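A closer look at the structure
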Amino acid sequence: MAPNDIDNVSMAVWCTLLPPEELDQFSEEDDLRSVSAAYEDWLASMRGKSIVGADVGVMLDRIRILMINIGIACAMDRALAEQVQSVVADHLRKRALKIVSELRTNTKEKTAVKETLALFFKDLKFTRDIFPEEDVMGVIPVKVSLKGDSSKGILGRLIGLKSKKVNVDKETTLQAALLESSNVLKKIYLRLVSPDPWGTY
């Protein structure tokens, strides 16, 4: 079956893991059944696992396990596995970047964290084992720009209306970025284990 639009996709080939607008890329019913089964197995394995105290590494590992499950389910069709993994990863990155874009930047520390996370999530490989401290440290900016705004209190008045480049404390930024990245990933993970992973939130 090759659906022309998502309204024509039969429930037999519906796959919750894939965003509805991406389903028309997949034409074989058995392909989506295998992916759906892998996703259901992953959901079952995640039940009961708490996110309290889970750091960025733990959250990335949980998502990577899902990607591994997809690879195993599509073992006879590597191209399909990579296609599904790519679609899911692209949407996870977009969601992460949207969350990051909403972070506040009213101090140089928060500005540095936001810029760091934007770079970190932009190229994050959800299919690979990564070392969060090294990867986050590697994208921390040396300086960040602060735009003055007299309505924003003393800091705004001191900087004035022009942008000013200020130095970033890398160690402080690293620890704050690791904490914030785990919060971003928890939001993504909670959607992945929900009945509607790609709905509006």
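Residues numbered from 1 in each chain as written. Predicted model: local features only at pLDDT ≥ 70, side-chain atom pairs only at ≥ 80, totals over all residues. Heavy atoms only, no water.

Scanning the chain from N- to C-terminus turns up seven helices and two strands. Walking the chain from its N terminus toward its C terminus, one meets helices and strands in the order α-α-α-α-α-β-α-β-α. (Helix = DSSP H or I, 4+ residues; strand = E, 2+ residues; numbered from the N terminus.)

What follows covers helix α4 (residues 108-122). Helical periodicity: at 3.6 residues per turn, an α-helix aligns residues three or four positions apart in one direction. The end-to-end C-alpha distance of α4 is 21 Å, a good match for the 21 Å that 15 residues give at a rise of 1.5 Å each. Of all the positions in α4, only Thr 111, Ala 112, Val 113, Thr 116, Leu 117, Phe 120 and Phe 121 are classed as buried. (Expected span 1.5 Å × (residues − 1). Buried < 20%, exposed > 50% of the residue type's maximum accessible area, 1.4 Å probe, protein only.)

What follows concerns the confidence of the model for the chain. Within the chain, residue pLDDT values average 85, and 83% of them lie at 70 or more. Segment residues 1-6: pLDDT under 50, and 15 contacts once partners within four positions in sequence are set aside and those in other chains are kept. (pLDDT = per-residue confidence, 0-100. Contact = heavy atoms within 4.5 Å.)

A few words now on the environment of Val 52. Following the sequence through the fold, Val 52 ends up in the loop between α1 (29-46) and α2 (56-73). Residue Val 52 is classed as exposed on the basis of its relative accessible area of 73%. Taking the C-alpha atoms as reference, Val 52 lies 9.4 Å from Lys 186; in sequence the two are 134 residues apart.

Taken as a whole and assessed by the stated rule, the structure comprises five salt bridges. As a salt-bridge pair, Arg 64 and Asp 61 come within 3.4 Å of each other at their nearest N and O atoms. Here Asp 61 and Arg 64 lie together in helix α2, a separation of three residues that amounts to about one turn. Looking at Asp 61, the relative accessible area reads 32%, which means it is partly exposed. (Salt bridge = Lys/Arg side-chain N within 4 Å of Asp/Glu carboxyl O.)

Below, the discussion takes up the side chain of Arg 191. For Arg 191, the position within the fold is in helix α7 (residues 170-192). Despite its burial, Arg 191 pairs with no opposite charge, the nearest such side chain being Asp 196 at 4.4 Å. In this structure the side chain of Arg 191 is engaged in a polar contact, spanning 2.5 Å, whose partner is the backbone oxygen of Asp 196. (Lys, Arg positive; Asp, Glu negative; His and termini not counted. Polar contact = N/O pair within 3.5 Å; in protein donor to acceptor, adjacent residues only side chain to side chain.)

So, about the environment of Pro 132. For Pro 132, the position within the fold is in helix α5 (residues 132-137). What makes Pro 132 buried here is its relative accessible area of 15%. Sequence-distant contacts of Pro 132, defined by excluding residues within four places in its chain, comprise Val 56, Gly 57, Met 137 and Leu 178.

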